[in-house]
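# Coordinate inspection notes
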Amino acid sequence: MNAAGWCKDIETVRELAKTPVSEITVGSITLEPRPVNEGNVFWQSPDGTYALNSLGLPNPGIATYRKRLPEMQKIAHAANKKLRVSIAGFSPSEYFKLAVGIARNVDVIEVNLGCPNVWGAEGQKPIPSFNPALTTSIINSVAEALQDMGNDLPRIAIKLSPYSDPLQMDTIISVIQSERLFVDEVVTCNTFPNAFAWQDGARAITPGDGFAGMSGSAMKAIALGQTKRLHGALHCHGIEIVGVGGIATGQDVVDFAQLGVKKVQIGTHYFVHGEKVFSELLQEVADLV
Ligand SMILES: Cc1cc2nc3c(=O)[nH]c(=O)nc-3n(C[C@H](O)[C@H](O)[C@H](O)COP(=O)(O)O)c2cc1C
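Summary of the structure given here. (Residues numbered from 1 in each chain as written. Predicted model: local features only at pLDDT ≥ 70, side-chain atom pairs only at ≥ 80, totals over all residues.)

### Details of the overall build of the chain
What counts here: Each helix is a run of DSSP H or I of at least 4 residues and each strand a run of E of at least 2, with the numbering of both proceeding from the N terminus. In this setup the radius of gyration rests on C-alpha atoms only. A globule is expected at 2.2 Å times the number of residues raised to 0.38.
In terms of helices and strands, the chain carries 9 helices and 15 strands. For the chain, the C-alpha radius of gyration of 18 Å lies close to 19 Å, the compact-globule estimate for 289 residues. Counting only C-alpha atoms, the chain reaches 55 × 50 × 40 Å along its principal axes.

### A word on the site of the ligand
Using the following cut-off: Note on definitions: a residue is near a molecule or strand provided its C-beta atom, placed from the backbone, lies within 6 Å of it. For this classification, the nonpolar set comprises Ala, Val, Leu, Ile, Met, Phe, Trp, Tyr, Cys and Pro, the charged set comprises Asp, Glu, Lys and Arg, and every other residue, Gly included, is treated as polar.
Around the ligand, a shell composed of 27 residues is seen, among which Ala 3, Gly 5, Ser 215, Gly 267 and Thr 268 lie nearest. Among the elements of the structure, strand E3 (51–53) and helix H8 (268–273) are those that each provide at least two residues to the shell around the ligand. Of the residues assigned to the shell around the ligand, the class counts are 12 nonpolar, 14 polar and 1 charged.

### Regarding unusual backbone geometry
A cis amide bond links Gly 27 to the next residue, Ser 28, at an omega of 10°. Residue Thr 188 is joined to Cys 189 through a cis peptide bond whose omega torsion reads 10°. Turning to its location among the elements, Cys 189 is positioned in the loop between strand E9 (185–188) and strand E10 (192–195). One non-glycine residue, Asn 80, adopts positive backbone phi at about 65°. Looking at where Asn 80 falls in the secondary structure, it is placed in the loop between helix H2 (62–78) and strand E4 (82–87).

### Side note on the nonpolar core
The test is simple: Buried Ala, Val, Leu, Ile, Met, Phe, Trp, Tyr and Cys residues form a nonpolar core when they are connected through C-beta atoms within 7 Å. Buried means a residue has 20 or more other C-beta atoms within 10 Å of its own C-beta, exposed means 12 or fewer, and partly exposed covers the counts in between; C-beta atoms are placed from the backbone. Two residues qualify as a contact pair if the distance between their C-beta atoms, derived from the backbone, is within 7 Å.
Within the largest apolar cluster, 71 residues are counted, with the highest numbers of intra-cluster contacts made by Ile 24, Ile 87, Ile 102, Ile 109, Val 111, Ile 158 and Val 186. Among the elements that take part in this core, H2 stands out by supplying 5 residues, more than any other. Apart from residues lying up to four places away in sequence, Val 186 is in contact with Ala 157, Ile 158, Leu 160, Ile 176, Leu 230, Leu 234, Ile 239 and Ile 241.

### A closer look at the packing of helix H3 (residues 92–102) against helix H4 (residues 132–145)
As a reminder, the rule being used: A fitted line through C-alpha atoms serves as each axis, taken over the contacting stretch for helices, and the angle formed by two N-to-C directions is quoted from 0 to 180°. If an angle is under 35 degrees, it is roughly parallel; if it is over 145, roughly antiparallel; if it lies from 65 to 115, roughly perpendicular; otherwise it is oblique. Note on convention: near helix rotated counterclockwise from far helix by under a right angle means a left-handed crossing. Clockwise means right-handed.
Where H3 meets H4, the closest approach of the two axes is 8 Å, and the angle between their N-to-C directions is 30°. Judged on the interaxial angle alone, H4 and H3 are roughly parallel. Considering the relative orientation of H3 and H4, their crossing is right-handed. In this structure, H3 contributes Pro 92, Ser 93, Tyr 95, Phe 96, Ala 99 and Val 100 to the contact, and H4 contributes Ser 137, Ile 138, Ser 141, Val 142, Glu 144 and Ala 145.

### A word on the sheet that holds E4
So the rule is basically this: Pairs of strands are assigned from DSSP output, requiring at least two bridges between the strands.
Across the sheet, which stays open at both edges, the 7 strands sit in the order E1-E4-E5-E8-E9-E14-E15 with parallel pairing between neighbours. For this open sheet the edge positions go to strand E1 (23–29) and strand E15 (263–265), each flanked by a neighbour on one side alone. Neighbour to neighbour, the strand axes of the sheet diverge by 25° on average, direction disregarded. Docked against the sheet, H3 engages E4 and strand E5 (108–112), running at close to 160° with respect to E4.

### What about the packing of helix H7 (residues 250–257) against helix H9 (residues 276–288)?
Two numbers describe a pair of packed helices, the interaxial angle and the distance between the axes. The interhelical angle for the contact between H7 and H9, taken along N-to-C directions, is 65°, at an axis separation of 8 Å. In terms of orientation, H7 lies roughly perpendicular with respect to H9. In terms of crossing hand, the pair formed by H7 and H9 is right-handed. Across from Gly 250, Gln 251, Val 253 and Val 254 in H7, the residues of H9 making contact are Leu 281, Glu 284, Val 285, Asp 287 and Leu 288. A class-by-class count of the residues in the contact of H7 with H9 yields 5 nonpolar, 2 polar and 2 charged.

### Regarding the sheet that holds strand E13 (residues 212–215)
Taken in spatial order, the 4 strands line up as E2-E3-E13-E10 in an open sheet, and their pairing is antiparallel. Two strands bound the open sheet, and with one partner strand each, they are strand E2 (42–44) and E10. Geometrically, the sheet is characterised by an average inter-axis angle of 30° between neighbouring strands, direction not taken into account. Of the strand pairs in this sheet, E2 and E3 are connected by 3 bridges, and their pairing is antiparallel. Bridged to Trp 43 within E3 is Leu 52.

If you want it as structure tokens, here you go:
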């Protein structure tokens, strides 16, 4: 499927419906409308091995999506695909409101716990993935928001940042395993936060003093490692892992599949080359297996 980041309007859902993706990911969406950050917000290294971005979660806000989602879901279902919507709040209560606002018109809610590119007057906003108490509180808020949905409950995915500290990863794994929670899928991983690059002597990315989320091929080994650890710990609890990070070839897809995961997402490669990448990747995988 496409990774969260740039399918935000009905036209893009229509384009994705023509591709072989199994799910169409919309968002991330926020409670209030957000403009794109100013200046250069996406940059790819000259050799194409990695990219930096700091879009800042641009989207028209939940009120617009309450109107758009029924049609988006209709388009997805007509093409035999699920509609997956990524939500990003700035507090547990915002996640609660977002979950309530979209739940009736989505098949999967992807709870984004890892956007590194949001800056306020007080500096960079905290990234929930690195705060187990906040992660717990957000997941419980989403669970509370959906508690009366019975059989109509959408699948719940949470999307994490990449972890380098094994203890921190173990703590998050315990949070996810905790029986009060109801996570169906874990998506790993979001961009590596606070990366930086120069372009012709100036910072490559304008907002946030040039700090940005890193993605692209160079993320593959990191995303494979996260996927392997999380799949090993959570598969036996019935939690499915979705691999994302650095996928640009059929061999990359096979490398994730070899870890046991059944779903992958494509971010930067799709962002740079458009919808055609999904049929290309599928063909490359078919040629390999
Ligand atoms: C331009 C851009 C915007 C992104 N926006 C979002 C977003 O809104 N929500 C989210 O969960 N991840 C977002 N991401 C992260 C991607 O979904 C993906 O997790 C990450 O880029 C790693 O995958 P990749 O190497 O295939 O790009 C964004 C990535 C890029 C490059």
